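# Coordinate inspection notes
Single-letter residue listing:
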2 protein chains.
Amino acid sequence: MEAKDFGRWVDTSLSGVEAALDSLVPAGAPAGLGEAMRYAVLGGGKRLRPLLVLASCAAVNGDEFAAMRAACAVELIHAYSLVHDDMPCMDNDVLRRGKPTTHVAYGEAQAMLAGDAMQALAFEVLTPLESEGGGIPPALQARLCALLARSSGYDGMAGGQAIDLASIGKPLDEATLRDMHRRKTGVLLQASVMMGAACGPAAAQATKSLSDYGAALGLAFQVVDDILDVTQDSAVLGKTAGKDQDANKPTYVSVLGLEAARALAQQLRAEAKAALAASGLADVSHLSLLADSVVERDN
Amino acid sequence: MEAKDFGRWVDTSLSGVEAALDSLVPAGAPAGLGEAMRYAVLGGGKRLRPLLVLASCAAVNGDEFAAMRAACAVELIHAYSLVHDDMPCMDNDVLRRGKPTTHVAYGEAQAMLAGDAMQALAFEVLTPLESEGGGIPPALQARLCALLARSSGYDGMAGGQAIDLASIGKPLDEATLRDMHRRKTGVLLQASVMMGAACGPAAAQATKSLSDYGAALGLAFQVVDDILDVTQDSAVLGKTAGKDQDANKPTYVSVLGLEAARALAQQLRAEAKAALAASGLADVSHLSLLADSVVERDN
């Protein structure tokens, strides 16, 4: 596939995700809650997780309606985690996606509630009622909820954040750092791939390969994040640069050094592509190009 | 049914719920997160929501394994909401169930993460994987997730909390107060009844009646809560008494006066029992006695 076809697919997919989120995140929720939720999730972000869901679904010729719902659900989880992570009791950050963070804009209490309601909304989005038009087979609803809950909870994202909290100012070896990032970021990226795959009839070999792809890509994402934290400025990142360094948090750059971190990112990209090659799926070009975009991004 | 049979059923049910929660909330979650989650959910609380799930399931001769999972899931949602509600940016409370609140015991960041992970765990608990022994038909998993997500999110509990936040110090009429409490407390209590009912093959009339029962009971619970807040001391309540009054929050007592609030609680109990009588279900005695215990409780 040519780069311009991929670019067109990304643009179309992003428009679809934005429209779906716009219709699913309620403007009318009471007492300003909907406004805060919409502020936190609409109109910003790279939407990498939704793109992974949609690309993975396309690779297995899956159910596109279900995949779009899954794409929105995983983005809601990601966005809620950013709202809570930015709060004063966590990272105390004021800038996100080039805008004031949600608690700066709406106050801490509303930000906490908005995050909580976004997590619940993710599971609503995955379980459309028949009275709402339905549209996802119940067994697939259950499977998507299972994948999303496990990847965002104590054994996934929330667990990784707890390790992160506990590790500030402490020396970590690469294995512990890898475990922390696998949980904190990697597991949800991998789950995005698996949720897309769950929307179609993927064979066992393909499912295993997509899982390996998701694991390598998830880790590559974090390695690149750590590299960008020290090599880019805040304006390009749309968030505060250098904050891990300032907070004395261990990163791939602080543990491995910049050059070895760059080499690791390339190695993980190669692993991700090798997994795709082993999947037996006919068209994995979007997934392959997403791996490139993760490693080559500048923000 | 005699009171002592009901008492025995309550004791057996509470032991079952406690054992199930103990096995489901992970001690081993990383970096102290599991410890904070267990502190927040084990060994305390009236467990009213789990009892409603189990009693409703029994009334429809439903699937007891699924109902126990649903009972734990709804209690995890309730417990996470208390953790977040007690935090300094919300109610800033230091005492809950007679113990220091979770953020006092573990710090604000860990408390926020524990609440987030408890919400995710609720949906894990509802979606047991085949590799974990399965045990709930996928369509029922999806239905339970749908009910739980909708009752805890923007249109339910989180939305009610947002109205609560926005209403401090403002005069509210009874209709607005009722809407706030319906969302904040009532909808999750009603969902507990409906999750139990979903575990069995309830007829449409029974489902409608159980929904009416849950709505009346949910409101009665909050009216009684408001009464106890002014008539009991902290030692009996296990939480800070008089705090709504101190925070200048509108309550049923401040809006209606104490005697009218007591009369409303009695009226709602009668409505709940009338709904049970109309259900056509053979044995609703546990649900009926739970309505009594909600209205007659002293904490």
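What you are looking at is a predicted structure, and each value in this text was computed from that prediction instead of being measured.

All right, on to the overall build of chain A then. Helices and strands together make up the secondary structure of chain A, namely 15 helices and 2 strands. The C-alpha extent of chain A, read off along each of the three principal axes, is 50 × 50 × 35 Å. Buried positions account for 60% of the 299 residues belonging to chain A. Within chain A, counting contacts between residues at least 6 apart in sequence, those at least 24 apart form 74% of the total. Looking at chain A as shown, the accessible area adds up to about 10900 Å², and 52% of this sits on carbon and sulfur atoms. Put simply, chain A has 25 plus and 36 minus side-chain charges, and the middle of one group is 2 Å from the middle of the other.

Residue and element names in this part refer to chain A. Turning to its location among the elements, Asp225 is positioned in helix 10 (residues 204-231). Considered as a pair, Asp225 and Asp298 are 73 residues apart in the sequence and their alpha carbons are 9.3 Å apart. A polar contact is formed between the side chain of Asp225 and the side chain of Arg297, at a distance of 3.2 Å.

Time to look at the interface of chain A and chain B. Contacts between chain A and chain B engage 47 residues on the former and 47 residues on the latter. Carbon and sulfur atoms supply 73% of the area that chain A and chain B bury against each other, a total of about 3900 Å² over both sides. Interface area lost by chain A to chain B is led by Met112, Arg150 and Tyr154 of chain A, which between them contribute 19%. Inspection of the chain A/chain B interface yields 0 salt bridges. On the surface where chain A and chain B come into contact, there are 10 residue pairs in polar contact (both at pLDDT 80 or more). Mapped onto the side of chain A that touches chain B, the elements with two or more residues apiece are helix 2 (33-41), helix 4 (64-85), helix 6 (108-126), helix 7 (138-152) and helix 8 (157-167) of chain A. Counting residues per element, the side of chain A that touches chain B draws most heavily on helix 6 of chain A, which supplies 12 residues. Classifying every residue of the side of chain A that touches chain B gives 31 nonpolar, 9 polar and 7 charged.

We now examine the nonpolar core. One finds Leu33, Leu148 and Tyr213 of chain A together with Leu33, Leu148 and Tyr213 of chain B to be the most contacted residues of the largest nonpolar core, which totals 202 residues. Non-local contacts of Tyr213 of chain A, meaning those with residues more than four positions away in its chain, are made with Leu52, Val193, Ala272, Ala275, Leu276, Leu287, Leu290 and Ala291 of chain A.

Our next topic: the side chain of His84 of chain A. Here His84 of chain A shows up in helix 4. For His84 of chain A, a relative accessible area of 2% corresponds to the buried category. At 2.8 Å, the side chain of His84 of chain A and the side chain of Asp116 of chain B are in polar contact. What His84 of chain A contacts, discounting residues up to four positions off in sequence, is Met90, Ala111, Met112, Gly115 and Asp116 of chain A together with His84, Met112 and Asp116 of chain B.

The next thing to look at is the relation of the copies chain A and chain B. When chain A is brought onto chain B, the operation consists of a screw motion whose angular component is 180° and whose axial shift is 0.0 Å, with 0.0 Å RMSD remaining. Taken together, the rotation and translation relating the two chain copies correspond to the operation of a two-fold axis. Considering only C-alpha atoms, the residue of chain A closest to the rotation axis is Ala142 of chain A, which sits at 2.4 Å. In this assembly, 100% of the residues forming the interface of chain A have copies in chain B that are likewise at the interface, indicating an isologous arrangement.

Attention now goes to the side chain of Ser56 of chain B. Inspection of the secondary structure puts Ser56 of chain B in helix 3 (residues 48-59). Not counting the four nearest positions on each side in its chain, Ser56 of chain B is found in contact with Val193, Gly196, Ala197, Leu210 and Leu287 of chain B.

As a further point, take the packing of helix 3 (residues 48-59) of chain A against helix 4 of chain A. Residues and elements named next belong to chain A. Where helix 3 contacts helix 4, the two axes come as close as 8 Å, and the packing angle between them is 155°. Judged by the inter-axis angle, helix 3 sits roughly antiparallel to helix 4. Read as a crossing pair, helix 3 and helix 4 show a hand that is right-handed. Residues Arg49, Pro50, Val53, Leu54 and Cys57 of helix 3 form the contact with helix 4, whose participating residues are Glu64, Ala67, Met68, Ala70, Ala71, Val74, Glu75 and His78. Class assignment for the residues of the contact of helix 3 with helix 4 results in 9 nonpolar, 1 polar and 3 charged.

At Asn61 of chain A, a residue that is not glycine, the phi angle is positive and equals roughly 50°. With respect to the helices and strands, the residue Asn61 of chain A is situated in the loop between helix 3 and helix 4. Judged by its relative accessible area of 69%, Asn61 of chain A falls in the exposed class. Of note, Ala31 of chain B is a non-glycine position whose phi angle comes to about 50°, a positive value. Checked against the element boundaries, Ala31 of chain B lands in the loop between helix 1 (3-24) and helix 2 (33-41). Look at Ala31 of chain B and you get partly exposed, because its relative accessible area is 36%.

A few words now on the packing of helix 10 of chain A against helix 15 (residues 285-296) of chain A. Residues and elements named next belong to chain A. Look at helix 10 against helix 15: their axes get within 9 Å of each other, and the N-to-C directions meet at 15°. It follows that helix 10 is roughly parallel to helix 15 by the angle criterion. Note that helix 10 runs across helix 15; the crossing there is left-handed. Between helix 10, through Leu210, Tyr213, Leu217, Ala220, Phe221 and Val224, and helix 15, the contact on the second element is made entirely by Leu287, Leu290, Ala291, Val294 and Val295. Looking at the contact of helix 10 with helix 15 residue by residue, the class counts come to 11 nonpolar, no polar and no charged.

Calculation rules
Residues numbered from 1 in each chain as written. Chains lettered and ligands numbered in written order. Predicted model: local features only at pLDDT ≥ 70, side-chain atom pairs only at ≥ 80, totals over all residues. Heavy atoms only, no water. Helix = DSSP H or I, 4+ residues; strand = E, 2+ residues; numbered from the N terminus. Buried < 20%, exposed > 50% of the residue type's maximum accessible area, 1.4 Å probe, protein only. Contact = heavy atoms within 4.5 Å. Areas by Shrake-Rupley, 256 points an atom, 1.4 Å probe, with all protein chains shown as cover. Lys, Arg positive; Asp, Glu negative; His and termini not counted. Charge placed at Lys NZ, Arg CZ, Asp CG, Glu CD. Polar contact = N/O pair within 3.5 Å; in protein donor to acceptor, adjacent residues only side chain to side chain. Buried area = accessible area lost by both parts, 1.4 Å probe. Salt bridge = Lys/Arg side-chain N within 4 Å of Asp/Glu carboxyl O. Nonpolar A, V, L, I, M, F, W, Y, C, P; charged D, E, K, R; others polar. Core = buried A, V, L, I, M, F, W, Y, C linked by side-chain atoms within 4.5 Å. Least-squares fit on C-alpha atoms with pLDDT ≥ 70 in both. Axes fitted to C-alpha atoms, helices over the stretch in contact; angles between N-to-C directions. Parallel < 35°, antiparallel > 145°, perpendicular 65-115°, else oblique. Left-handed = near helix turned anticlockwise from the far one by under 90°.

Interpretation note: all reported values are geometric properties and have no functional meaning in isolation.
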